[in-house]
Amino acid sequence: MSEYLVQRTTTWERFNHWVLAVSFIILCLTGLGFLFHSLNWLNTIFGGNHLAKEIHRWTGVVFTFSVLFTLGSYLGESLRFSKEDTQWLLNLGGYLSKTAVEPPQGRLNAGQKVYYLVVVVLCGAVIIISGFIIWLAPSTAGWLRLGHLLHNLAFVVFVTTVPLHIYLSTAANPGTFRGMTRGTVTKTWTKRHHSKWAKELGID
Ligand code: HEM
C-alpha cells in the first residue's frame, strides 16, 4: 500500500462488480426490447428476438452467480448497523443540506448498506427467482402471470435506483470511482467519506 493510497477493493471484488454491471446492462437492453413494442429494435442488435431471448436467459445465469458472489463481499458488513448508521439515514448522509455533518461511517456507509440489502439482495432475489419461474416453471397462466409481475416490479426498482448508484459513486463523489477501477482511494477521500473506517485502518 502506497503512503497516499488506501486499498478499497480486491481484484476479485472489482472483477465481480464489472461482471454484475455488464450483465445488468445486457439484461436491461434485451429486457426493454421484450417489454416495449417501440423498443423492439433493441433486439435486432442482439441478432433478433429468438437470439435476444437466449442471450437474456444465459446472461441472467451470469447475473445470478455474480449476485451470489457479492454475498461474501458485502452481506456480513451490510447487516451490521451502528448508531452512526441510523444517524446517517436520518439526515440522508447530509446530501440534502449544506450544513449537515456526515456521521462517521465504516467501510460501507449506511446508504450503501441499504442499497445492497434492498436492491441487490432483495430485488436481486425477486428478479432472479421470477426469471427462472418464467423460464422453467410449467407454463400455466398463473405461474407465468406471477413470474412476470414480480420480474417487472423488481426491474422498475433496479432501473430507477442503479442510475442513482452510478451518479453517487462517480460525479457526485469525486475519487470514489477509482476504488472500482484501480482498487485504491486516497487517504483524504477515506477520511472525508468513511472516517470510522479510516480510524480502524490507523489513518490520521
Ligand atoms: C455501470 C455502472 C456502474 C458504475 C459506474 C458503478 C460504480 C461503482 C463504484 C465506483 C463502487 C464503489 C463505491 C465505493 O467504493 O464506495 C460501486 C460499488 C458497488 N456497486 Fe456499482 N456501479 C455500476 C453498476 C452496478 C450495478 C448494475 C450493480 C448491481 C446491480 C452494482 C452494485 C454495486 C455494489 C453491490 C457495490 C458495493 C456496495 C455498495 O456500494 O453498495 N453496481 N459501484
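In case you missed it, the structure is sitting above this.
It should be emphasised that the depicted structure is a prediction, and the values quoted were computed from it without experimental measurement. (Residues numbered from 1 in each chain as written. Predicted model: local features only at pLDDT ≥ 70, side-chain atom pairs only at ≥ 80, totals over all residues. Heavy atoms only, no water.)

Digging into the overall build of the protein chain
Piece 1. Of regular secondary structure, the protein chain possesses nine helices and two strands.
Piece 2. Once the C-alpha set of the protein chain is aligned to its principal axes, its extents read approximately 60 × 35 × 30 Å.
Piece 3. Per-residue burial for the protein chain yields a buried fraction of 38% across its 204 residues.
Piece 4. Taking as baseline every contact in the protein chain between residues at least 6 positions apart, the subset at least 24 positions apart corresponds to 66%.
Piece 5. When the accessible surface of the protein chain is summed, it comes to about 12,100 Å², and 71% of that surface belongs to carbon and sulfur atoms.
Piece 6. On the protein chain, the mean spot of the 17 positive side-chain charges and the mean spot of the 9 negative ones are 6 Å from each other. (Helix = DSSP H or I, 4+ residues; strand = E, 2+ residues; numbered from the N terminus. Buried < 20%, exposed > 50% of the residue type's maximum accessible area, 1.4 Å probe, protein only. Contact = heavy atoms within 4.5 Å. Areas by Shrake-Rupley, 256 points an atom, 1.4 Å probe, with all protein chains shown as cover. Lys, Arg positive; Asp, Glu negative; His and termini not counted. Charge placed at Lys NZ, Arg CZ, Asp CG, Glu CD.)

A word on the packing of helix α3 (residues 49-79) against helix α5 (residues 110-136)
Piece 1. Across the interface, α3 lies against α5 with an axial gap of 10 Å and an inter-helix angle of 150°. The orientation of α3 with respect to α5, classified from their angle, is roughly antiparallel. For the element pair α3 and α5, the recorded crossing hand is left-handed.
Piece 2. Split into classes, the residues belonging to the contact of α3 with α5 amount to 16 nonpolar, three polar and three charged. (Axes fitted to C-alpha atoms, helices over the stretch in contact; angles between N-to-C directions. Parallel < 35°, antiparallel > 145°, perpendicular 65-115°, else oblique. Left-handed = near helix turned anticlockwise from the far one by under 90°. Nonpolar A, V, L, I, M, F, W, Y, C, P; charged D, E, K, R; others polar.)

With respect to the nonpolar core
A general feature of soluble globular proteins is that nonpolar side chains tend to end up buried together.
Piece 1. F24, F63, V67, Y74, I127, I128 and F158 are the most contacted members of the largest nonpolar core, which totals 19 residues.
Piece 2. Those elements that provide at least two residues to this core are α1 (11-35), α3, α5 and α6 (141-168).
Piece 3. Not counting residues up to four positions away in its chain, the partners in contact with V67 are L20, V120 and I128. (Core = buried A, V, L, I, M, F, W, Y, C linked by side-chain atoms within 4.5 Å.)

Structural notes on the coordination of the iron atom of the ligand
Six octahedral donors around a metal ideally make angles of 90 or 180 degrees; four tetrahedral donors ideally make 109.5 degrees.
Piece 1. Every protein donor of the iron atom of the ligand is accounted for by H17 (NE2) and H165 (NE2), and the metal-donor separations fall at 2.0 Å.
Piece 2. What the six donor atoms of the iron atom of the ligand show is an angle range of 87 to 179° at the metal, which sorts the shape as octahedral. Of this pair, H17 sits in helix α1 while H165 sits in helix α6, placing them 148 residues apart in sequence. (Donors = N, O, S within 2.8 Å, 3.2 Å for Na, K, Ca; no water. Tetrahedral: all angles 85-135°; square planar, octahedral: opposite > 155°, others 65-115°.)

Thoughts on the site of the ligand
Piece 1. Taken together, the neighbourhood of the ligand is formed by 19 residues, with R8, H17, Q112, H165 and I166 sitting nearest.
Piece 2. Here a nitrogen atom of the ligand and a side-chain polar atom of H165 are 2.8 Å apart.
Piece 3. For the shell around the ligand, the secondary-structure elements that each account for two or more residues are α1, α5 and α6.
Piece 4. For the shell around the ligand, the residue count by class is 13 nonpolar, five polar and one charged. (Near = heavy atom within 4 Å. Polar contact = N/O pair within 3.5 Å; in protein donor to acceptor, adjacent residues only side chain to side chain.)

Considering α6
Piece 1. Over its 28 residues, α6 extends 41 Å from the first C-alpha to the last, a length consistent with the 40 Å expected when each residue adds 1.5 Å.
Piece 2. For α6, the principal kink sits at T161 and spans about 25°; a proline, P163, occurs within the next four residues.
Piece 3. Within α6, burial applies to G147, H151, A154, F155, F158 and V162.
Piece 4. Against the buried residues of α6 lie α1, α3 and α5. (Expected span 1.5 Å × (residues − 1). Bend = angle between axes of the 7 residues up to and from the residue.)

Topic: the packing of aromatic side chains
Any aromatic ring pair is given by two values, namely how distant the centres are and how the planes are angled relative to each other.
Piece 1. Taken as a whole and judged by the stated rule, the model has nine aromatic pairs.
Piece 2. Taking the centre distance of 5.2 Å and the plane angle of 75° together, the rings of W12 and F69 count as edge-to-face. One end of the pair, W12, is in helix α1; the other, F69, is in helix α3, and 57 residues separate them in sequence.
Piece 3. A relative accessible area of 42% places W12 in the partly exposed class.
Piece 4. The class for F69 is partly exposed, based on a relative accessible area of 40%.
Piece 5. Seen in terms of ring centroids, W58 and W135 are 5.2 Å apart; in terms of plane orientation they differ by 85°. Their pairing is edge-to-face. One end of the pair, W58, is in helix α3; the other, W135, is in helix α5, with 77 residues separating them in the sequence.
Piece 6. Residue class for W135 comes out partly exposed when judged on its relative accessible area of 25%.
Piece 7. Chaining the aromatic ring pairs together yields one cluster made of W12, F15, F65 and F69.
Piece 8. The ring of F34 carries K53 above its face, with NZ or CZ at 5.5 Å from the centroid. (Phe/Tyr/Trp six-rings, centres within 6.5 Å; stacked < 30°, edge-to-face > 60°. Lys NZ or Arg CZ within 6 Å of the ring centre and 35° of its normal.)

Section: the packing of α5 against α6
Piece 1. At a closest axis distance of 8 Å, the pairing of α5 and α6 adopts a crossing angle of 150°. In this structure, the crossing between α5 and α6 has a hand that is left-handed.
Piece 2. Of the residues in the contact of α5 with α6, the class split is 15 nonpolar, eight polar and no charged.

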